[in-house]
Amino acid sequence: MRKQAISTAALATALLLSAGGVSAQSAARWLHVRVTESGDNGTRVAVNLPLSLVQVFAEIAEDEIRKELSGGGSHFHLGHEIQIADLRRAWNELRAAGDAELVEIEENDQRVKISRLADKIIIEFSERGNDSNGRVEVPVSVVDALLSGDGEELNVRAALDQLIANTAGEIVFVEDQRTTVRVWIE
Amino acid sequence: MPTKLIVGFLALPAIFLGLLLSADYAVVDVREGGPGGMRIIVPVPLALARVALSFAPPEARYIQVPEIAEYLPYAERLVEELRGARDGLLVSVEERDQTVRIRKVGDMLEVHVVDGDELIDVTVPLDAVLDVVRAYDGRGFDTRDLLRAVGRADGDLVHVRARGREEVKVWIW
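Each chain carries its own residue numbering, running from 1 in the direction its sequence is written. Note on labels: chains are lettered from A, ligands numbered from 1, in written order. It should be noted that, the model being predicted, local features are given only for residues of pLDDT at least 70 and side-chain atom pairs only at 80 or more, the latter also being counted only at that level, while totals for whole chains, interfaces and linings use all residues.

For chain A, the count of helices and strands is 5 helices and 10 strands. Buried residues in chain A amount to 29% of all 186 residues. By the criterion used throughout, residues are in contact when their C-beta atoms, derived from the backbone, lie within 7 Å. When contacts within chain A are restricted to residue pairs at least 6 apart in sequence, those whose partners lie at least 24 apart make up 55%. Counting from the N terminus, the helices are DSSP H or I runs at least four residues long and the strands are E runs at least two residues long. Counting other C-beta atoms within 10 Å of each residue's C-beta, where C-beta atoms are placed from the backbone, gives the exposure class: buried for 20 or more, exposed for 12 or fewer, partly exposed between.

To continue, consider the overall build of chain B. Across its full length, chain B carries 6 helices and 10 strands. Evaluated residue by residue, chain B yields a buried proportion of 6% over its 173 residues. Of all intrachain contacts in chain B linking residues separated by at least 6 positions in sequence, the fraction that spans at least 24 positions is 46%.

Okay, the interface of chain A and chain B next. Interfaces are often sized by the amount of accessible area the parts lose when they come together. Contact residues are listed per partner, giving 14 residues for chain A and 16 residues for chain B. When contributions to the side of chain A that touches chain B are tallied by element, the ones reaching two or more residues are β2 (44–50) and α2 (51–68) of chain A. The element that contributes the greatest number of residues to the side of chain A that touches chain B is β2 of chain A, accounting for 7 residues. When grouped by side-chain class, the residues that make up the side of chain A that touches chain B number 8 nonpolar, 4 polar and 2 charged. Pairing between two strands is assigned when DSSP locates at least 2 bridges connecting them. Relative to strand β4 (residues 88–94) of chain B, β2 of chain A runs antiparallel, the two sharing 4 bridges. Note on β4 of chain B: the bridge partner recorded for Arg-44 of chain A is Glu-94 of chain B. Side-chain classes are defined by residue name, with Ala, Val, Leu, Ile, Met, Phe, Trp, Tyr, Cys and Pro counting as nonpolar, Asp, Glu, Lys and Arg as charged, and the others, Gly among them, as polar.

If you want to describe how two helices pack, look at the angle between their axes and the distance between the axes. Residues and elements named next belong to chain B. Here, axes are lines fitted to C-alpha atoms. For helices the fit covers the stretch in contact, and angles between N-to-C directions go from 0 to 180 degrees. Direction vectors running N to C along helix α5 (residues 126–135) and helix α6 (residues 143–150) enclose 165 degrees, while the axes themselves pass 8 Å from each other. The angle between α5 and α6 falls in the class roughly antiparallel. Here the hand of the crossing between α5 and α6 comes out right-handed. Contacts from Ala-128, Asp-131, Val-132 and Ala-135 of α5 reach α6 at Asp-145, Leu-146, Arg-148, Ala-149 and Val-150. An angle below 35 degrees is read as roughly parallel, one above 145 as roughly antiparallel, one from 65 to 115 as roughly perpendicular, and any other as oblique. Crossing handedness is defined as follows: a turn of the near helix away from the far one that is anticlockwise and smaller than a right angle gives a left-handed crossing, while the clockwise case is right-handed.

Below, the discussion takes up the sheet that holds strand β4 (residues 100–107) of chain A. All names here are of chain A. Strands sit in the order β4-β5-β6-β7 across an open sheet of 4 strands; the sheet is antiparallel. The outermost strands of the open sheet, each flanked by one partner alone, are β4 and β7 (132–139). If you compare each strand with its neighbour and ignore which way they point, the axes differ by 10 degrees on average. Where strand β5 (residues 110–117) and strand β6 (residues 120–127) come together, 8 bridges link them in antiparallel fashion.

All names here are of chain A. Positive phi is not limited to glycine here, since Asn-108 has a value of about 50 degrees. Tracing the backbone shows Asn-108 in the loop between β4 and β5. On the neighbour-count criterion, Asn-108 (8 C-beta atoms within 10 Å) is exposed. Backbone geometry places Ala-118, a non-glycine residue, at a positive phi of 55 degrees. Mapping Ala-118 onto the fold places it in the loop between β5 and β6. Taking the C-beta count within 10 Å as the criterion, Ala-118 has 9 such neighbours and is therefore assigned exposed.

Here we take up the nonpolar core. Counting residues in each nonpolar core, the largest one holds 31 residues, and the members touching the most others are Leu-31, Leu-49, Val-54, Leu-146, Ala-159, Leu-163 and Val-172 of chain A. Listed by contribution, the elements that provide at least two residues to this core are β1 (30–37), α2, α4 (140–146), α5 (156–166), β9 (169–175) and β10 (179–185) of chain A. To count as a nonpolar core, a set of buried Ala, Val, Leu, Ile, Met, Phe, Trp, Tyr and Cys residues must be joined through C-beta atoms within 7 Å. Formed by 6 residues, the second largest nonpolar core is a distinct cluster that contains Val-129, Ala-149, Ala-153 and Leu-157 of chain B.

Another point: the environment of Asn-48 of chain A. Structurally, Asn-48 of chain A can be placed in strand β2. With 135 residues separating them along the chain, Asn-48 of chain A and Val-183 of chain A place their C-alpha atoms 9.9 Å apart.

Before going further, it helps to spend a moment on the environment of Gly-34 of chain B. Residues and elements named next belong to chain B. As for its position among the elements, Gly-34 is in the loop between β1 (25–31) and β2 (39–45). Residue classification places Gly-34 among the exposed residues on the basis of 10 C-beta atoms within 10 Å. As for Gly-34 and Ala-75, which are separated by 41 residues in sequence, their C-alpha atoms are 44 Å apart.

Below, the discussion takes up helix α3 (residues 84–96) of chain A. Every helix has an expected span of 1.5 Å times one less than the residues it contains. For α3 of chain A, with 13 residues, the first-to-last C-alpha span of 18 Å sits near the 18 Å given by 1.5 Å per residue. After α3 of chain A finishes, the residue Gly-98 of chain A shows a positive phi value of roughly 80 degrees.

For Glu-67 of chain B, the location among the structural elements is in the loop between β3 (62–64) and α4 (72–84). Each C-alpha atom of the pair Glu-67 of chain B and Arg-50 of chain B lies 26 Å from the other, and the pair is 17 residues apart in sequence.

Moving on: the sheet that holds strand β9 (residues 155–162) of chain B. Here we have 12 strands laid out as an open sheet, ordered β9(A)-β10(A)-β1(A)-β2(A)-β4(B)-β5(B)-β6(B)-β7(B)-β9(B)-β10(B)-β1(B)-β2(B), and antiparallel in their pairing. Edge strands, defined here as strands with exactly one partner in the open sheet, are β9 of chain A together with β2 of chain B. Across the sheet, the axes of successive neighbouring strands diverge by a mean angle of 10 degrees, strand direction being ignored. Each of β1 and β2 of chain B touches helix α2 (residues 46–53) of chain B; the most contacted strand, β2 of chain B, lies at about 75 degrees to it.

This brings us to the confidence of the model for chain A. One rule of thumb: low pLDDT means the predicted coordinates there are not for detailed reading. All names here are of chain A. When the pLDDT values of chain A are averaged, the result is 74; 73% of them are 70 or greater. The quantity called pLDDT is the predictor's confidence in a given residue, expressed from 0 to 100. For chain A, the element scoring lowest by mean pLDDT is helix α1 (residues 2–17), at 45; β2 scores highest, at 94. This model gives residues 1–27 a pLDDT under 50, and the stretch forms 68 contacts once residues within four places in sequence are excluded.

What follows is the structure, given as structure tokens:
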């Protein structure tokens, strides 16, 4: 689970880094990442980067992601396992419903719950086997941007632009018994 | 005629001496641990080192790293953005007996590593990084260009010390 938490944070950070444009106002703002393992011998990682620098990393990461995934431009295809068009329709219905529990999946000893609270989508996950759990908060505006593409495409770039340019405060918080990961902009 | 010859004869070493005095030096200072430890200080004129490199084997004159070519357009921007950013701690990784910190201080990046009882401090001038980036020719680096970039530094470059053991310091003078 610790690896999962770290990979989730790494993914979140990679997504952040892969954002394209950053508004001029972001020049003075910084991206902060903290990974803290509990215990006296736990690893502690702190990364603080000006968003203007993140923008350059973002372009590098975007190129790398483009190589990994099929598709081009600022859109990425996710294949056909998930019907993005259906997801987009469902999202349009759900976002109008206001605060609600959107999805709950239980499989073996794992549970994932997605709910909306005010302007945030909250993803909670837990695994009974190793008694771990985590939580990711995504602003609604980011999901809107993510689903602003056409057909079977996710507009990752727009989502990340939204995340970086207009989001302040905490954007990722994942914790399990041993590890806490925080990503925020200020 | 003999006077001209003498002047000419003296001019060459004088020019050479002048070049040496005006050149940047990398000073390598090695100090052995313990009370009777030996200390060796070697000043290396960077200009001479560059000339000497011309006679070195090809593998010492050129470092091939073609795989980084695609990142070159970004590298210069990264350095420029970093230069424009305010000073502060960029990266910190702490484990049980290991610490790595990278801090931006003015036009320098300061890297501080603690590994057990060993301490390593490295100061990297951003101008030097820019020089290195610009020296990349799409396949690799000419080591003479790297030496020229090292000359951008002013003051401590590398300082490695361990409790009761050898201490090595390299600075540019």
